[in-house]
Amino acid sequence: MLSRNIIYYPIGWIVLISLSIVLLFSGCQPDYFPKPLGYNRLILPGHEYISLPDSMPYSFEYSKHARLLPDTSRIRENFWVEIYYPDIESNIHITYKEITSQKLLKEFLDDAYTLTSKHQIKAYAINEVISLTPDGKTAVIAELEGEVPSQFQFTITDSTRNFMRGALYFNTKVANDSLAPAIEYMKLDMMHLINTLEWKR
């Protein structure tokens, strides 16, 4: 004989109870936070160097992981080169001038200062130091902080015959905070370039 104690609930009550149970258990889980925007991890090669070809009026050692390319800018001159790093999409732009008078040297130095100063709009600091190379050459080095297109620049001259300027650029829109390891890596390579520089004239 069937029991008469069975209680029948309307469909609406069953749905309401089911939803309450689901909400109760889902409320016990930790809050979900979306992951912040990230960038690909940079894998930087070791610092290994090779010598510049003999066809230049100067010589230095540059990274064997980089490509030596001719300058492609519209104002390019003889012996201007770019040292391109394909793995980190950066390059060192090298310009060279022959000094024929002290007036011309002053113009080269003024131009270099002007080019560095153009970054003041975005830079929150430009730190300039004078560095002496192992063989006695004097280089003026500028480190730029902030969201600037060029983070490291230098000029070096013998004051009588040769003048060189170098500037670091990254071909990417990634913020400089995220590029910090690559910037430090490139600074070491540029300092090695400066310290191994020799004039041939």
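Data block above holds the structure.
Now for a description of the structure that goes with this document. (Residues numbered from 1 in each chain as written. Predicted model: local features only at pLDDT ≥ 70, side-chain atom pairs only at ≥ 80, totals over all residues. Heavy atoms only, no water.)

### Observations regarding the overall build of the chain
- Within the chain, the regular secondary structure consists of three helices and eleven strands.
- Along the chain direction, N to C, the helices and strands of the chain fall in the order α-β-β-β-β-β-β-α-β-β-β-β-α-β.
- Burial analysis of the chain (201 residues in total) assigns 34% to the buried set.
- Counting contacts in the chain only where the partners sit at least 6 residues apart, residues at least 24 apart contribute 49% of the total.
- Summed over its atoms, the accessible surface of the chain is roughly 13,500 Å², and 58% of this surface lies on carbon and sulfur atoms. (Helix = DSSP H or I, 4+ residues; strand = E, 2+ residues; numbered from the N terminus. Buried < 20%, exposed > 50% of the residue type's maximum accessible area, 1.4 Å probe, protein only. Contact = heavy atoms within 4.5 Å. Areas by Shrake-Rupley, 256 points an atom, 1.4 Å probe, with all protein chains shown as cover.)

### Here we look at helix H3 (residues 176-195)
- Residue alanine 182 marks the point of greatest curvature in H3, where the axis turns by about 40°.
- Inspection of H3 places Asn176, Leu179, Ala182, Ile183, Tyr185, Met186, Lys187, Asp189, Met190, Leu193 and Ile194 among the buried residues, and these make up the whole buried set. (Bend = angle between axes of the 7 residues up to and from the residue.)

### Some points on unusual backbone geometry
- The residue phenylalanine 79 is not glycine, and still its phi comes out positive at about 70°.
- Tracing the chain through its elements places phenylalanine 79 in the loop between strand E4 (67-70) and strand E5 (81-85).
- Judged by its relative accessible area of 28%, phenylalanine 79 falls in the partly exposed class.
- Although it is not a glycine, serine 159 adopts a positive phi angle of roughly 70°.
- Within the secondary structure, serine 159 is located in the loop between strand E9 (152-157) and strand E10 (162-170).

### A look at the pairing of strand E6 (residues 90-98)
- Of all nine residues that make up E6, seven are buried, and the element is covered over most of its length.
- The pairing of E6 with E10 spans nine bridges and is classified as antiparallel. Bridged to threonine 95 within E10 is arginine 165. (Pairing = 2+ DSSP bridges.)

### Examining the layout of surface pockets
- Looking at the largest pocket, its volume works out to about 390 Å³.
- Listed by contribution, the elements that provide at least two residues to the lining of the largest pocket are E6, helix H2 (102-117) and E10.
- Per-element tally for the lining of the largest pocket: the top contributor is H2, with five residues.
- Looking at side-chain class alone, the lining of the largest pocket contains eight nonpolar, three polar and five charged residues. (1 Å grid on protein atoms, 1.4 Å probe; cavity = no way out; pocket = protein on both sides within 12 Å on 5 of 7 lines; lining within 4 Å. Points joined across faces, edges and corners; volume = space filled by probe spheres on them. Nonpolar A, V, L, I, M, F, W, Y, C, P; charged D, E, K, R; others polar.)

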